[in-house]
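Listed below, chain by chain, are the residues.
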Amino acid sequence: MCTDNPGVWEYIANWARKHSIWVLAYGTGCGAIELPPTMTSRYDAERFGLRGAATPRQADLLIISGYLATKSLKRVIRTYEQMYDPKYVMALGSCTINGGMYWDSYNTIKKLDLYIPVDVYVAGCMPRPEAIIQGIISLQKRIEEGKAEGAKKYRENIEWYKKNQREVLGDDFLPDYTWNFEGGI
Ligand code: SF4
């Protein structure tokens, strides 16, 4: 029935997506320590429809929880490219926005969205569970409005992202795994 009206179908799909977000948390930095309390009984993020995912292929949301070493960037890209569309990225902490206290470090990246698209940032050092929950609510709003389009941005600007990734990874650059350039995974 809804296939006659993609607008309505997309609205219903986005409504469902926003209430069922399976999370893969990549514990790169100190922000990772705030994720367990966010998910457990005191803050109970599960009431927003969040739950943990065991593998990238089951996950809707990749959380990068702080500074990212260049060594880890390779794994993060590989993880992101294994996730199925629709998929979203949340970046926690100042380190993912501008390098934070590692702004002049030789082995951390300074701006995550040069390498993978970020759908929502949560600022702070380190962001508390209340801030993470606010970030989840912001992401849900963007999903419902059809504005959480990081994966589309990645697909459409893949050459730009690959150029940035190569500048950091050099000869260690990984091949594309499951990304279908014609229309996403
Ligand atoms: S923003 Fe602060 S808490 Fe988060 S990874 Fe950076 S230094 Fe650690």
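Look above for the structure.
What you are looking at is a predicted structure, and each value in this text was computed from that prediction instead of being measured. (Residues numbered from 1 in each chain as written. Predicted model: local features only at pLDDT ≥ 70, side-chain atom pairs only at ≥ 80, totals over all residues. Heavy atoms only, no water.)

K.L.:
Any chance you could explain helix 5 (residues 129–144) here in plain terms?
P.N.:
Because each turn of an α-helix spans 3.6 residues, side chains separated by three or four positions end up pointing in the same direction. Compared with the 22 Å implied by 1.5 Å per residue over 16 residues, the 22 Å span of helix 5 between its first and last C-alpha is a close match. Those residues of helix 5 that fall on the buried side of the exposure criterion are Pro129, Ile132, Ile133, Gly135, Ile136, Leu139, Gln140 and Ile143. All buried residues of helix 5 project into a common sector of 155° when viewed along the axis, lining one side. Phi turns positive one or two residues past the end of helix 5, at Gly146, with a value near 70°. (Helix = DSSP H or I, 4+ residues; strand = E, 2+ residues; numbered from the N terminus. Expected span 1.5 Å × (residues − 1). Buried < 20%, exposed > 50% of the residue type's maximum accessible area, 1.4 Å probe, protein only. Arc of directions from axis to C-beta.)

K.L.:
Where do I start with the packing of helix 3 (residues 70–82) against helix 7 (residues 158–169) in this structure?
P.N.:
Running from N to C, helix 3 and helix 7 cross one another at 150°; their axes reach a closest spacing of 10 Å. Of the two elements, helix 3 crosses helix 7, and the hand of that crossing is left-handed. Mapping the contact onto sequence places Thr70, Leu73, Lys74, Ile77 and Glu81 in helix 3 and Lys162, Gln165, Val168 and Leu169 in helix 7. Its residues assigned to classes, the contact of helix 3 with helix 7 shows four nonpolar, two polar and three charged. (Axes fitted to C-alpha atoms, helices over the stretch in contact; angles between N-to-C directions. Left-handed = near helix turned anticlockwise from the far one by under 90°. Contact = heavy atoms within 4.5 Å. Nonpolar A, V, L, I, M, F, W, Y, C, P; charged D, E, K, R; others polar.)

K.L.:
Which parts of the structure should I look at to understand empty space enclosed by the protein?
P.N.:
If a probe as big as a water molecule is rolled over the atoms, it shows which places are left empty. By the definition in use, this model includes two cavities of 30 Å³ or more. What the second largest cavity holds in volume is close to 30 Å³. What lines the second largest cavity is Gly66, Tyr67, Leu68, Cys95, Thr96, Ile109, Lys110, Lys111 and Leu112. Across the lining of the second largest cavity, the residue classes tally to five nonpolar, two polar and two charged. (1 Å grid on protein atoms, 1.4 Å probe; cavity = no way out; pocket = protein on both sides within 12 Å on 5 of 7 lines; lining within 4 Å. Points joined across faces, edges and corners; volume = space filled by probe spheres on them.)

K.L.:
Explanation requested: the pattern of salt bridges in the structure shown.
P.N.:
Side chains that differ in sign of charge can pair as their charged atoms come close. Under the counting rule described, the total for this entry stands at nine salt bridges. When the shortest N-O distance is used, the salt bridge between Arg155 and Asp85 registers 2.7 Å. Separated by 70 residues along the polypeptide, Arg155 in helix 6 (residues 150–156) and Asp85 in the loop between helix 3 and strand 4 (88–92) bring together distant segments of the chain. A relative accessible area of 28% means that Asp85 is categorised as partly exposed. A salt bridge links Lys147 to Glu145, with the shortest nitrogen-to-oxygen separation between them at 3.4 Å. (Salt bridge = Lys/Arg side-chain N within 4 Å of Asp/Glu carboxyl O.)

K.L.:
I'm lost on the site of the ligand in this one. Help?
P.N.:
As a structural note, the neighbourhood of the ligand is formed by Cys30, Gly66, Tyr67, Gly93, Ser94, Cys95, Met101, Tyr102, Gly124, Cys125 and Met126. Residue classes in the shell around the ligand are distributed as seven nonpolar, four polar and no charged. (Near = heavy atom within 4 Å.)

K.L.:
Help me understand the pairing of strand 4, please; the structure alone is not making it clear to me.
P.N.:
Regular strands place their side chains on alternate faces of the sheet. Where burial is concerned, most of strand 4 is hidden: five out of the five residues are buried. Of the two faces of strand 4, the one lined by Tyr88, Met90 and Leu92 and the one lined by Val89 and Ala91 are each fully buried. In terms of strand pairing, strand 3 (residues 61–64) meets strand 4 through four bridges, oriented parallel. Directly across from Leu61, in strand 4, lies its bridge partner Tyr88. With helix 3 bridging strand 3 and the parallel strand 4, this β-α-β connection has right-handed handedness. (Pairing = 2+ DSSP bridges. Right-handed = clockwise from strand over helix to strand, strands pointing away.)

Any functional reading would require information beyond the geometric quantities listed.
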